[in-house]
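Observations on the three-dimensional arrangement
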Amino acid sequence: VSNKLEDFEVLEVIGSGSFGTCYKVCNKYDKMIYVCKAIDYGKMDENQKELLVSEVNVLSGLKHPNIVQYHSRIINKKTTTLYIIMEYCEGGDLASIIVSCKKNKKPIEEGFIWQVLYQTGRALQACHSHLKHVVVLHRDIKPANVFLDSAGNVKLGDFGLARILQKEESCAETVVGTPFYMSPEVLGGGKYNRKSDIWALGCLIYELCALSPPFVASSFKLLTSSIKSGRFDRIPAHYSDDLHKMISFMLSVDHEYRPTIEMVLHHPAVVVRVSQRS
Ligand code: ADP
Ligand code: MG
């Protein structure tokens, strides 16, 4: 694995986020394509920097076919930039797919949605068991963080980092980025837990079907009461009752009734769909 910036040739800028820019790069020696994410840590305080380092360490230890693979990190102290080299996901992220399907009024195929449920679930299962003893990292499941490779496989990415990066934003910006996927227990002041991830997964699957989140409102206060009510419209009629029921299960307001990731992955409706595809 290369550890020098000079070993990579920048092919194009993929996009920029709140803290830096993502580049599509090519390793000059093995000719492999990667993503290089540049994060400027110059404005972070010591605590944030420590958190960033420890989270990158955790991420680099995660290896799973449905998790964006981290390859290496390069630090440039002069420019206070951390470069993270990771797997390139050719298919882009689910947020862009939702935007284009909405624009073209073209629904997402149900079989693909079951596949996203299963593969994102597998990634979550790996995180939950790997990170048993790690408290710093919390997942941020949302369409922009779920990627697709060239074969259409799901790759969960960008988790953990998102949380640190958000801390730097001003209060105003934090309010603008409405937390559509926040679970009732977190809104109620409870702790973020594994079941909160299941809630977010339910929101993600719902959004793929309806092309908009299950709970939307014009203010944070209204959004909170909408989420706590647990009431949402059925997904469009052409999607099966099985899918609707699975989403409703994951969106149980009481997290005691919400399934664990194991229950989702072993659910007959999921097992049948997934085995049909392979
Ligand atoms: P943001 O703060 O918007 O999440 P990112 O730096 O995470 O910004 O991502 C910027 C852009 O790069 C986004 O369009 C995202 O989809 C894309 N991107 C990030 N990681 C990858 C990856 N591993 N493969 C392909 N595209 C990626
Ligand atoms: Mg991102």
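Attention in this report is confined to the structure presented alongside it. Computed from a predicted model, the values in this text were never measured in an experiment.

The next subject is the overall build of the chain. Broken down by element type, the chain carries 11 helices and seven strands. Burial analysis of the chain (278 residues in total) assigns 49% to the buried set. Pairs at least 24 apart in sequence give 64% of the contacts found in the chain among residues at least 6 apart. Surface accessibility of the chain: about 14300 Å² in total, with carbon and sulfur atoms responsible for 55%.

Let us now look at the site of ligand 1. The immediate surroundings of ligand 1 are formed by 15 residues, with K37, E87, C89, D93 and D158 found nearest. Within the side chain of K37, an N or O atom sits 2.8 Å from an oxygen atom of ligand 1. In the environment of ligand 1, a nitrogen atom lies 2.9 Å from a nitrogen or oxygen atom belonging to the backbone of E87. Relative to its free-state accessible area of 550 Å², ligand 1 is covered by the protein chains to the extent of 77%.

Another aspect to go through is the environment of E12. Residue position: E12 is located in strand β1 (residues 8-16). A relative accessible area of 41% places E12 in the partly exposed class. A sequence separation of 227 residues divides E12 from Y239, and the C-alpha atoms of the two residues are 38 Å apart. The contacts of E12, once residues within four sequence positions are left out, are C22, Y23 and K24.

Our focus in this paragraph is helix α8 (residues 220-229). Among the residues of α8, L223, T224, S226 and I227 are the ones counted as buried. Take α8 and look down its axis: the buried residues cluster within an arc of 165 degrees, on one side only. Contacts made by the buried residues of α8 are with α6 (184-187) and α7 (194-210). Following α8 by one or two positions, G230 adopts a phi angle in the positive range, close to 70 degrees.

Before going further, it helps to examine the nonpolar core. The biggest cluster of nonpolar side chains holds 67 residues, and the ones touching the most others in it are L94, I108, L117, L204, I205 and L243. With 10 residues, α7 is the largest single contributor of residues to this core. Sequence-distant contacts of L94, that is, excluding residues within four places in its chain, are made with F112, V116, P143, V146, L148, L204 and L208. Judged by nonpolar contacts, the second largest core, of eight residues, contains V25, Y34, I74 and Y83.

We now examine the pairing of strand β2 (residues 20-27). Note: β1 against β2, seven bridges, orientation antiparallel. The residue of β2 that forms the bridge with G15 is C22. Alignment of β2 against strand β3 (residues 33-40), held across seven bridges, turns out to be antiparallel. In the strand pairing of β3, Y23 is matched with C36. Connecting the antiparallel pair β2 and β3 is a turn made up of five residues, with K31 showing a positive phi of about 60 degrees.

With antiparallel pairing, the five strands of this open sheet are ordered in space as β1-β2-β3-β5-β4. Single-partner strands in this sheet number two, and they are β1 and β4 (70-76). Pairs of neighbouring strands in the sheet enclose a mean axial angle of 25 degrees, with direction left out of account. Of the strands in this sheet, β3, β4 and β5 (81-87) are in contact with helix α1 (residues 46-60), which crosses β4 at around 155 degrees.

Once that is clear, we can look at the packing of α7 against helix α9 (residues 241-250). The description of two packed helices rests on the angle between their axes and on the distance between the axes. Look at α7 against α9: their axes get within 8 Å of each other, and the N-to-C directions meet at 145 degrees. The chirality of how α7 crosses α9 is left-handed. Between α7 and α9, the residues in contact are I198, W199, L201, G202, I205, Y206 and C209 and L243, I247 and M250, respectively. Counted by class, the contact of α7 with α9 contains nine nonpolar, one polar and no charged residues.

Now for the pairing of β5. Most of β5 sits inside the fold, with seven of its seven residues counted as buried. Sheet topology note: the β3/β5 ladder contains seven bridges and is antiparallel. By the bridge assignment for β5, C36 is matched with I85. Pairing of β4 with β5, which is carried by six bridges, proceeds in the antiparallel orientation. Bridge assignment links S72 to a residue of β5, and that residue is I85. Between the antiparallel neighbours β4 and β5 lie four residues, among them T80 with a positive phi of about 45 degrees.

Analysis parameters
Residues numbered from 1 in each chain as written. Chains lettered and ligands numbered in written order. Predicted model: local features only at pLDDT ≥ 70, side-chain atom pairs only at ≥ 80, totals over all residues. Heavy atoms only, no water. Helix = DSSP H or I, 4+ residues; strand = E, 2+ residues; numbered from the N terminus. Buried < 20%, exposed > 50% of the residue type's maximum accessible area, 1.4 Å probe, protein only. Contact = heavy atoms within 4.5 Å. Areas by Shrake-Rupley, 256 points an atom, 1.4 Å probe, with all protein chains shown as cover. Near = heavy atom within 4 Å. Polar contact = N/O pair within 3.5 Å; in protein donor to acceptor, adjacent residues only side chain to side chain. Arc of directions from axis to C-beta. Core = buried A, V, L, I, M, F, W, Y, C linked by side-chain atoms within 4.5 Å. Pairing = 2+ DSSP bridges. Axes fitted to C-alpha atoms, helices over the stretch in contact; angles between N-to-C directions. Left-handed = near helix turned anticlockwise from the far one by under 90°. Nonpolar A, V, L, I, M, F, W, Y, C, P; charged D, E, K, R; others polar.

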